[in-house]
Amino acid sequence: MPYQDNAYGLYEIHRMLLEMMVEVDRVCREEDIPYSLLGGTMLGAARHKGFIPWDDDLDIVFTAEALEHFLQVFPQKSEKYTTSLEDTWVARVVPREPINGQRPFVDLFHYEPISETGWKQKMKILMLQTLQGMLKEKTDLSRFGLKDKVLLGGTHVLGKLFSKKCKLRMYRWVSSHVARGDGSLLHISDDQFGCLKVLYRAECTQEMIDTPFETATLRMSALYDEMLTRQYGDYMTPPPVEKRVPMHANWRE
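Residues numbered from 1 in each chain as written. Predicted model: local features only at pLDDT ≥ 70, side-chain atom pairs only at ≥ 80, totals over all residues. Heavy atoms only, no water.

A. How the structure looks around empty space enclosed by the protein. With the rule as written, the count across this model stands at 1 cavity of 30 Å³ or more. Put simply, the largest cavity is a space of about 40 Å³. Here the lining of the largest cavity is built from residues that sort into 6 nonpolar, 3 polar and no charged. (1 Å grid on protein atoms, 1.4 Å probe; cavity = no way out; pocket = protein on both sides within 12 Å on 5 of 7 lines; lining within 4 Å. Points joined across faces, edges and corners; volume = space filled by probe spheres on them. Nonpolar A, V, L, I, M, F, W, Y, C, P; charged D, E, K, R; others polar.)

B. Inspection of the side chain of Ser115 at higher detail. By the element assignment, Ser115 lies in the loop between strand 5 (106-113) and helix 4 (118-135). According to the relative accessible area criterion, Ser115 is buried, its value standing at 4%. The residues contacting Ser115, other than those within four sequence positions of it, are Lys120, Gln121, Ala179, Arg180, Gly181 and Leu185. (Helix = DSSP H or I, 4+ residues; strand = E, 2+ residues; numbered from the N terminus. Buried < 20%, exposed > 50% of the residue type's maximum accessible area, 1.4 Å probe, protein only. Contact = heavy atoms within 4.5 Å.)

C. Spatial organisation of the nonpolar core. In terms of nonpolar packing, the biggest core is built from 67 residues, with Leu37, Ile60, Phe62, Phe70, Val93 and Leu108 touching the most fellow members. If we skip the residues at most four places from it in the chain, Leu108 touches Ile60, Phe62, Leu67, Phe70, Leu71, Val90, Ala91, Arg92, Val93 and Asp190. (Core = buried A, V, L, I, M, F, W, Y, C linked by side-chain atoms within 4.5 Å.)

D. Summary view of the packing of helix 2 (residues 39-48) against helix 7 (residues 224-232). At a minimum axis distance of 10 Å, the contact between helix 2 and helix 7 shows a crossing angle of 125°. Between helix 2 and helix 7, the angle falls in the class oblique. Of the two elements, helix 2 crosses helix 7, and the hand of that crossing is left-handed. Where helix 2 abuts helix 7, its residues Gly39, Gly40, Met42, Leu43 and Ala46 lie against Tyr224, Met227, Leu228, Gln231 and Tyr232. Considered class by class, the residues forming the contact of helix 2 with helix 7 number 7 nonpolar, 3 polar and no charged. (Axes fitted to C-alpha atoms, helices over the stretch in contact; angles between N-to-C directions. Parallel < 35°, antiparallel > 145°, perpendicular 65-115°, else oblique. Left-handed = near helix turned anticlockwise from the far one by under 90°.)

E. The pairing of strand 3 (residues 81-84), seen in detail. With burial as the criterion, each face of strand 3 is covered, one bearing Tyr81 and Thr83 and the other bearing Thr82 and Ser84. Where strand 3 lies against strand 4 (residues 91-95), 4 bridges are found, and the strand directions are antiparallel. Within strand 4, the position partnered with Ser84 by the bridge is Arg92. With antiparallel pairing between neighbouring strands as the criterion, strand 3 and strand 4 make up a hairpin whose turn holds 6 residues. (Pairing = 2+ DSSP bridges.)

F. View of helix 1 (residues 11-31). Taking 1.5 Å of rise per residue, 21 residues should cover 30 Å, and helix 1 covers 30 Å from first to last C-alpha, within 8% of that figure. Inspection of helix 1 places Ile13, His14, Met16, Leu17, Leu18, Met20, Met21, Glu23, Val24, Asp25, Val27 and Cys28 among the buried residues, and these make up the whole buried set. Two residues or fewer after helix 1 comes Asp32, characterised by a positive phi angle close to 55°. (Expected span 1.5 Å × (residues − 1).)

G. Focus on the packing of aromatic side chains. Scanning all chains against the criterion turns up 6 aromatic pairs. Ring centres of Phe51 and Phe213 lie 5.0 Å apart, and the angle between their planes is 75°; on these two criteria the pair is classed as edge-to-face. One end of the pair, Phe51, is in the loop between helix 2 and strand 2 (58-62); the other, Phe213, is in strand 8 (residues 208-213), and 162 residues separate them in sequence. Relative accessible area serves as the criterion here: at 4%, Phe51 is assigned to the buried category. Here Phe213 falls in the buried class, since its relative accessible area comes to 1%. Ring geometry for Trp89 versus Tyr171: centroids 5.8 Å apart, planes at 25°, classification stacked. Taken as a pair, Trp89 in the loop between strand 3 and strand 4 and Tyr171 in helix 6 (residues 164-177) lie far apart in primary sequence, 82 residues in all. Both residues of the pair, Trp89 and Tyr171, count as buried. An aromatic cluster is present here, built from Tyr35, Phe62, Phe70 and Phe74 joined pairwise through their rings. (Phe/Tyr/Trp six-rings, centres within 6.5 Å; stacked < 30°, edge-to-face > 60°.)

Structural data, given as structure tokens:
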């Protein structure tokens, strides 16, 4: 489908994100680093052959080893973009300089093993959710139920006791060391609050396929249908109109 503006007025953001992603894809192919589109970006590829019209970010996922390799080589191979590990618990590709007063980003998630035992899964997820609440500087609590509002509100206050560097170090340790199981089950340990509990088979990381995405050709897991069904259920049916809204408000400096 031709790349064009849409009713949500996101043409410029989509254009910048696609330009960044083409650069990411180039480096990954040159360095033989496997990656997959993820979440709403994978859903957009499957349902729209590009961005979800109201989406305003771009997400990809690696194995832990592949992400480490990418973070080492990408800043050396890209003149216009680099990586950031300090903004949130999620690694990002960011422009070296603002683009028209904006700082678009591509989120770089990664898989970690998680135990097959239910209580161990819940323990790890709760620890990561607690640390996310501690790390968040601003949280839109209106999107959460009462239980999660209490957890996020309380952990936000608790987080004021620790430096950001300390909290990031704790988050990454829990992500990579707690309740790892035998490696047959994975989750995306740096995903957003509600998605930490979505579990994937290890086979989802093993084969990538090319997929059209706007004017580019990008990569996603050959098991994309299984992944999207686990996260969204009937993912080919769009949400109600009132839920078709951009999720990020921090593009401009």
